[in-house]
Amino acid sequence: MSILDIRVLGDPVLRKPTKPVIEVTDELRRLVADMFETMYAAEGIGLAAPQVGRSERVAVVDVEGKKYALINPQLVSRNGAPEKAEEGCLSIPDIYGDVDRQPEVTIRALDENGNQYEASANELLGRCFQHEIDHLDGKLFIDYLSPLKRRAALAKWEKEKEGYPGNIRKVRTEVKGEHHHETEM
Ligand code: ZN
């Protein structure tokens with residue numbers, strides 16, 4: 001397994017909708033394993049393929065030990081009145097914002113063995129599923145912020161992004177804990 005570079009805001013790959021996986025191959029399983037390793041090294045709770053420069057419709061999630069490989073995930077249903085909570089993104093380090101999302105979701109996806117499953121979730125896991133599926137459609141959490149808050153976030157990012165030449169974030173395991181924030185996905 002290897003730790004992959006994370007693409008940050010400004011890389012066009014983050015805005016490109018992904019392509020469905022046709023077959024779950026060993027190569028795809030390797031990608032899933034590398035994405036899990038990268039997510040853990042970066043101390044995130046979710047990671048989607050475009051964040052590592054890939055175009056497959058694949059994401060990984062681990063919220064409080066609930067671990068999912070999401071291959072071709074779809075939202076089956078979304079319920080409840082929208083709730084506001086803080087989100088961050090491994091591709092927009094150090095920027096956080098409150099996002100309104102419906103609290104209960106059911107998703108359908110394939111696992112690493114190509115078997116279809118459904119999962120229902122609420123709270124942080126439900127939020128994380130929605131955040132990752134958004135990534136696979138080229139959408140980012142900052143898109144949900146009010147114009148004023150989005151402008152403030154982007155102004156802060158203008159300075160932050162200087163630390164990521166070429167829109168590349170090298171995941172350095174030795175600085176674990178430095179930026180730890182439990183809502184980065
Ligand atoms: Zn994200």
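Refer to the structure above for everything that follows.
What counts, and at which threshold
- Residues numbered from 1 in each chain as written.
- Predicted model: local features only at pLDDT ≥ 70, side-chain atom pairs only at ≥ 80, totals over all residues.
- Heavy atoms only, no water.
- 1 Å grid on protein atoms, 1.4 Å probe; cavity = no way out; pocket = protein on both sides within 12 Å on 5 of 7 lines; lining within 4 Å.
- Points joined across faces, edges and corners; volume = space filled by probe spheres on them.
- Nonpolar A, V, L, I, M, F, W, Y, C, P; charged D, E, K, R; others polar.
- Donors = N, O, S within 2.8 Å, 3.2 Å for Na, K, Ca; no water.
- Tetrahedral: all angles 85-135°; square planar, octahedral: opposite > 155°, others 65-115°.
- Helix = DSSP H or I, 4+ residues; strand = E, 2+ residues; numbered from the N terminus.
- Buried < 20%, exposed > 50% of the residue type's maximum accessible area, 1.4 Å probe, protein only.
- Pairing = 2+ DSSP bridges.
- Axes fitted to C-alpha atoms, helices over the stretch in contact; angles between N-to-C directions.
- Contact = heavy atoms within 4.5 Å.
- Polar contact = N/O pair within 3.5 Å; in protein donor to acceptor, adjacent residues only side chain to side chain.
- Core = buried A, V, L, I, M, F, W, Y, C linked by side-chain atoms within 4.5 Å.
- Phe/Tyr/Trp six-rings, centres within 6.5 Å; stacked < 30°, edge-to-face > 60°.
- Lys NZ or Arg CZ within 6 Å of the ring centre and 35° of its normal.
- Patch = residues over 30% accessible without salt bridge, like charges linked within 9 Å, V, L, I, M, F, W, Y side chains within 5 Å.
- Areas by Shrake-Rupley, 256 points an atom, 1.4 Å probe, with all protein chains shown as cover.
- Salt bridge = Lys/Arg side-chain N within 4 Å of Asp/Glu carboxyl O.
- Lys, Arg positive; Asp, Glu negative; His and termini not counted.
- Charge placed at Lys NZ, Arg CZ, Asp CG, Glu CD.

### Remarks on the layout of surface pockets
Working step 1: Estimates place the volume of the second largest pocket at around 160 Å³.
Working step 2: Considering the residues around the second largest pocket, the lining is formed by 10 residues, among which Ile45, Asp62, Val63, Glu64 and Glu182 are closest to the centre.
Working step 3: Looking at the lining of the second largest pocket residue by residue, the class counts come to four nonpolar, two polar and four charged.

### A few points about the coordination of the zinc ion
Working step 1: Protein coordination of the zinc ion is provided by Cys89 (SG), His131 (NE2), His135 (NE2) and Met185 (O), with donor distances spanning 2.0 to 2.3 Å.
Working step 2: What the four donor atoms of the zinc ion show is an angle range of 93 to 138 degrees at the metal, which sorts the shape as irregular.
Working step 3: Sequence spacing of the donor residues for the zinc ion, all on one chain, is C-x41-H-x3-H-x49-M. In this pair, Cys89 sits in the loop between strand S5 (83-88) and strand S6 (96-101) while Met185 sits in the segment after strand S9 (168-169), placing the two residues 96 residues apart along the sequence. Residue Cys89 shares its accessibility class with Met185, and that shared class is buried.

### Observations concerning the sheet that holds strand S4 (residues 66-79)
What holds strands together in a sheet is hydrogen bonding between their backbones, with the strands either parallel or antiparallel.
Working step 1: Spatially, S2-S3-S4-S7-S8 is the arrangement adopted by the five strands of the open sheet, whose pairing is antiparallel. Of all strands in the sheet, those bounded by a partner on one side alone are strand S2 (46-48) and strand S8 (116-121). Averaged over neighbouring strand pairs, the angle between their axes works out to 40 degrees when direction is ignored.
Working step 2: Bridging between S4 and strand S7 (residues 104-110) involves six bridges; their strand directions are antiparallel. In the strand pairing of S7, Gln74 is matched with Arg108.
Working step 3: Sitting on the sheet, helix H1 (residues 26-41) touches S2, strand S3 (58-63) and S4, and the angle it makes with S3 is about 40 degrees.

### Quick look at the side chain of Glu56
Working step 1: Along the chain, Glu56 falls in the loop between S2 and S3.
Working step 2: Looking at Glu56, its side chain comes within polar contact range of the side chain of Arg54, at 2.8 Å.
Working step 3: What Glu56 contacts, discounting residues up to four positions off in sequence, is Thr18, Lys19, Val21, Leu28, Leu31, Ala49 and Leu136.

### Focus on the nonpolar core
Working step 1: Within the largest apolar cluster, 21 residues are counted, with the highest numbers of intra-cluster contacts made by Leu28, Met35, Leu47, Val58 and Val60.
Working step 2: Secondary-structure elements contributing two or more residues to this core are H1, S3 and S4.
Working step 3: The greatest single-element share of this core, amounting to seven residues, is contributed by H1.
Working step 4: Listed in part, the 19 residues of the second largest apolar core include Ala109, Phe129, Ile133 and Leu136.

### Topic: the packing of aromatic side chains
Working step 1: According to the stated counting rule, one finds four aromatic pairs in the structure shown.
Working step 2: On the basis of an interplanar angle of 20 degrees and a centroid distance of 6.2 Å, the ring pair of Tyr68 and Tyr117 is categorised as stacked. One end of the pair, Tyr68, is in strand S4; the other, Tyr117, is in strand S8, and 49 residues separate them in sequence.
Working step 3: By relative accessible area, which is 18% here, Tyr117 ends up buried.
Working step 4: Between Tyr68 and Phe129, the aromatic rings sit 5.1 Å apart at their centres with planes inclined by 75 degrees, giving edge-to-face as the arrangement. Pair noted here: Tyr68 is in strand S4 and Phe129 is in helix H2 (residues 123-136), with a separation of 61 residues, a long-range link. Pair check on accessibility: Tyr68 and Phe129 agree, each one buried.
Working step 5: Joined through ring pairs, the aromatic side chains of Tyr68, Tyr117 and Phe129 make up one cluster.
Working step 6: Taking NZ or CZ as reference, Lys67 lies 4.6 Å from the ring centre of Phe36, over its face.

### Description of a negative patch on the surface
Working step 1: There is a patch of like negative charges on the surface, built from Glu64, Glu83, Glu86, Asp98, Glu104, Glu123 and Glu182.
Working step 2: Positionally, Glu64 belongs in the loop between S3 and S4.

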